[in-house]
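Summary of the model geometry
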Amino acid sequence: MVDRTPIVAVFGSSQTRDSEPGYAEATRLGHRLGEMGFAVANGGYGGTMEAVSAGARAAGARVLGVTAPSLFPMRGGGNPHLTEETHAETLGERIATLVNMADATIALPGSLGTAAELIVAWNDNFVASRAGGRHRPQFAVGPAWQELVELLGARVDADSSLVECVADVDQAADRLGVILSGRREMRA
């Protein structure tokens, strides 16, 4: 039997420490997603990836990590909260795997790697919308991502309406719950 629990891919920084506010917010997001009945996927390592994993696991959720051991041998494997770990050979494969398995994505504050994940998911939604398909819900948390989405929307004619920019993780979880609940009801 195939598990069709909706999967939410959460992108975020590997550098966030457990003493920083972003770590607690990511933990709360993971827990809320788990309580809402979603599985969580991420890059599988530390920082906000580990925080989201810990929160989701504490809520009893399935937690998938897509790691890249050949690229990051110094990281020593996935975080201890993962229920499943998939290995990717390249960074592109890692991001594509995360995006392709997801029913929705959320980008937390991060750096260049998080920006790459956000943009690949956005481009995937752009292609789907142009081909007449349904795009997946996509959220970007915080003012930095809002600035980037607005800039790319204006400068390179990207459809910025495909990324919903939100102020915090609670707003992302609330909006996602409404959207995916509606989709579940349509299938029933």
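Notes on the structure in this doc start here. Quick caveat: nothing in here was measured; it's all calculated off a predicted structure. Starting from 1, residues in each chain are numbered consecutively following that chain's sequence as written. Confidence filtering applies because this is a predicted model: local features only for residues at pLDDT of at least 70, side-chain atom pairs given and counted only at 80 or more, and all residues used for totals across whole chains, interfaces and linings. Based on all heavy atoms of the structure, the side-chain values leave hydrogens and waters out of the count.

1. Some details on the sheet that holds strand β5 (residues 104-107)
- What makes two strands pair is DSSP finding at least two bridges between them. Secondary structure counts use DSSP, requiring at least four H or I residues in a row for a helix and at least two E residues in a row for a strand, with both numbered from the N terminus. Sheet architecture is open: seven strands sit in the order β4-β3-β2-β1-β5-β6-β7, paired in parallel fashion. Each edge of the sheet is formed by a strand with only one pairing partner; in this case those strands are β4 (84-87) and β7 (164-166). This sheet shows a mean twist of 20 degrees between the axes of neighbouring strands, independent of strand direction.
- With four bridges connecting them, strand β1 (residues 7-11) and β5 associate as parallel partners. Bridge pairing in β5 places F11 opposite A107.
- The strands touched by helix α1 (residues 21-35) are β1, β2 (39-42) and β5; relative to β1, the strand with the most contacts, the crossing angle is about 175 degrees.
- Any two residues whose heavy atoms approach within 4.5 Å at even a single point are treated as in contact. The axes are straight lines fitted to the C-alpha atoms, using for helices just the contacting stretch, and the angles between their N-to-C directions are given from 0 to 180°. Packing against the sheet, helix α5 (residues 143-155) makes contact with β5, β6 (138-141) and β7, and its axis sits at approximately 150 degrees to β7.

2. Thoughts on the packing of helix α3 (residues 91-101) against helix α4 (residues 112-130)
- In the contact formed by α3 and α4, the axes pass within 10 Å of each other and the chain directions differ by 50 degrees. In terms of orientation, α3 and α4 fall into the oblique class. Two packed elements cross with a definite hand, and for α3 against α4 that hand is right-handed. Contacts between α3 and α4 pair I95, L98 and V99 from the former with A116, E117, V120, A121 and D124 from the latter.
- Partitioned by chemical class, the residues of the contact of α3 with α4 number six nonpolar, no polar and two charged. Small angles under 35 degrees read as roughly parallel and large ones over 145 as roughly antiparallel, with 65 to 115 read as roughly perpendicular and the rest as oblique. Working rule for handedness: look at the near helix, and if it is turned counterclockwise from the far one by less than a right angle, call the crossing left-handed; if clockwise, right-handed. Three classes are used: nonpolar for Ala, Val, Leu, Ile, Met, Phe, Trp, Tyr, Cys and Pro, charged for Asp, Glu, Lys and Arg, and polar for all others, with Gly counted as polar.

3. Considering the nonpolar core
- Definition used in this section: a nonpolar core is a set of buried Ala, Val, Leu, Ile, Met, Phe, Trp, Tyr and Cys residues joined via side-chain atoms within 4.5 Å. Three labels apply to residues, based on accessible area from a 1.4 Å probe with only protein chains included: buried if under 20% of the type maximum, exposed if over 50%, partly exposed otherwise in between. V8, V10, L29, L33, I106, L108 and L176 are the most contacted members of the largest nonpolar core, which totals 25 residues.
- Going through the elements one at a time, β1, α1, α2 (48-58), β5, β6 and α6 (169-187) are the ones with two or more residues in this core.
- When residues of this core are assigned to their parent elements, the largest contribution, five residues, is made by α6.
- With sequence-adjacent residues up to four places away left out, L33 is seen in contact with V8, V10, F38, V40, I106 and L176.
- L64, A121, L152 and V163 belong to the second largest nonpolar core, which has 23 residues in total.

4. Details of the environment of G30
- Mapping G30 onto the fold places it in helix α1.
- For G30, a relative accessible area of 0% gives the class buried.
- In this structure the C-alpha to C-alpha distance between G30 and A107, which are 77 residues apart in sequence, comes to 13 Å.
- With residues near it in sequence (within four places) discarded, G30 still touches V52, G55 and A56.

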